[in-house]
Amino acid sequence: AKHEGKNGVRTFQPAMGDETTERVDLERDLREALVREEFVLHYQGQFDVRSQALVGFEALVRWQHPTQGLLPPGKFIHVAEDSELILPLGDWVLRQACRQAAAWGANERGFTISVNVSALQFEHANLLQSVEQALASSGLNPRRLILELTESVVLRHPEAAAGHLTRLRDLGVRIALDDFGTGHSSLSLLRQMPIDVLKIDRSFIQDSHPWEAASSRVLIGVMVTLAHGLKMKVTAEGVETAEQHALLRELGCDVLQGFLLSRPLAASQAEALLSPPAA
Ligand code: C2E
Ligand code: CA
Ligand code: CA
Ligand code: CA
C-alpha cells in the first residue's frame, strides 16, 4: 500500500507484492539501459512471394541485458509502454533503423525498412517530428520507410488516427496495419484509413488443426481480395513451411516474412541478405 511520507513524499511499504517490486526494478533498469545504449535492433528479411527477392526488413528491438543476455521485446516492451519509456525507446528505434537502412543503401537498392510504432507513440504529438528527424538525419528516402501499427491502435480513435496517418503519409512514408485479423476491424473504417500494407497475422498462417486450416485459407483469400480491392499490398508473417509459402503464393499474397525465409538477424548477419552492389 502507498503511504504519505514525512514531506508528503510517497514511500512504498514492504507489504507491496513482489510483482510490483519487479516491475519497478525493471522500469529503473530500462531507464538505465536507454542511457547506456543497451538496446540493439535485429532485422528480419521480407521477400517477394514470386521472385523471392529481398524487398525489405522489419526492425525488431532486443535488449542486450548486462546479466540476463539478449532479451526479446516480450520481456520488456509492455513495461516500456506503461511507463512512457516507449517514447525515448521508440525514438531510438526509429533513428537507428533509418540510419542502418540508409547505410545499407536502401535508397539506391530500393528495399524498405519497417518499424513498429506503439499506441503511446502514435498518439503522442511528437511522432511526426520524430519521423521527420530520423529521415533527415539519416538521409533515408521517406519512400523507404514503413511504419507498422496494429489494428487495435488505429481503430481505437479512428478519426484522430486517420488524421495522424494522413500527416505521416504526407511525409512520403508508408503505413502497414500489423497483426491484421486479430482485432475487431470494421471494414468500413478500414476503407477510410490511409493504409498501404495489410500484414496478415501469423495465427492465420500457422494452424494446429486441419479443420482450422480450411477456414484460415478462406479468410486469407478474403483478406487478400479486400486489400487488393483497396489498393493495399499484403504481407504474410510467420511463414515457417514450404507448404505455407506455396499456399500464400496461390492466394495472392505479395510479400512473405517468416523463419522459413529468414529469422531476425543481427545487423552484421542481416547484411548478407542484400544482393551485392552492382559493379
Ligand atoms: P510483431 O510486430 O508481430 O513482430 C513479429 C514477431 O514474430 C517477431 O517477434 C518475430 O521474431 C516473430 N516471427 C517472425 N517470423 C516468425 C515465424 O516464422 N514464426 C514465429 N513463430 N515467429 C516469427 P519478436 O521480435 O519477439 O517481437 C515481438 C513483438 O514485439 C513484435 O511483434 C512487436 O509487436 C513488438 N516489437 C518488436 N520490436 C519493437 C519495437 O521496436 N517497437 C515496438 N513498439 N514494438 C516492438
Ligand atoms: Ca510488426
Ligand atoms: Ca505482426
Ligand atoms: Ca504480433
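Residues numbered from 1 in each chain as written. Chains lettered and ligands numbered in written order. Predicted model: local features only at pLDDT ≥ 70, side-chain atom pairs only at ≥ 80, totals over all residues. Heavy atoms only, no water.

In the annotation of an unreviewed UniProt entry, the protein chain is listed under the name EAL domain-containing protein and assigned to Deinococcus navajonensis.

### Thoughts on the coordination of the calcium ion (ligand 4)
Surrounding the calcium ion (ligand 4) are the protein donor atoms Asp-179 (OD) and Asp-179 (OD), at 2.9 to 3.0 Å. If you look at the calcium ion (ligand 4) and the calcium ion (ligand 3), they sit 3.7 Å from each other and are both ligated by Asp-179. Along the chain, Asp-179 falls in strand β8 (residues 174-180). (Donors = N, O, S within 2.8 Å, 3.2 Å for Na, K, Ca; no water. Helix = DSSP H or I, 4+ residues; strand = E, 2+ residues; numbered from the N terminus.)

### What to know about the pairing of strand β7 (residues 145-150)
The buried fraction of β7 amounts to five of the six residues, a majority that puts the element mostly inside the structure. Pairing geometry for strand β6 (residues 112-116) and β7, over four bridges, is parallel. Bridge pairing in β7 links Asn-116 to Glu-148. Judged from the five bridges that link them, β7 and β8 form a sheet pairing that is parallel. Note that in β8 the partner of Leu-149 across the bridge is Leu-177. (Buried < 20%, exposed > 50% of the residue type's maximum accessible area, 1.4 Å probe, protein only. Pairing = 2+ DSSP bridges.)

### Quick word on the coordination of the calcium ion (ligand 3)
Taken together, Asp-178 (OD), Asp-179 (OD), Glu-237 (OE) and Glu-237 (OE) make up the protein donors of the calcium ion (ligand 3), found 2.3 to 2.6 Å from the metal. In primary-sequence terms, the residues that donate to the calcium ion (ligand 3) follow D-D-x57-E. Here the calcium ion (ligand 2) and the calcium ion (ligand 3) are spaced 3.9 Å from one another, each receiving a donor from Asp-178. Placement of the pair is Asp-178 in strand β8 and Glu-237 in the loop between β10 (233-236) and α12 (242-250), with a sequence separation of 59 residues. In this pair, the class of Asp-178 matches that of Glu-237, namely buried.

### Concerning the pattern of salt bridges
Applying the stated criterion to the full structure yields twelve salt bridges. With a closest N to O distance of 2.9 Å, Glu-250 and Arg-217 form a salt bridge. Of this pair, Glu-250 sits in helix α12 while Arg-217 sits in helix α11 (residues 210-229), and the two are 33 residues apart along the sequence. For Glu-250, a relative accessible area of 58% corresponds to the exposed category. When its relative accessible area of 37% is taken as the criterion, Arg-217 is described as partly exposed. The structure contains a network of salt bridges with shared partners spanning Glu-58, Glu-148, Lys-199 and Glu-237. (Salt bridge = Lys/Arg side-chain N within 4 Å of Asp/Glu carboxyl O.)

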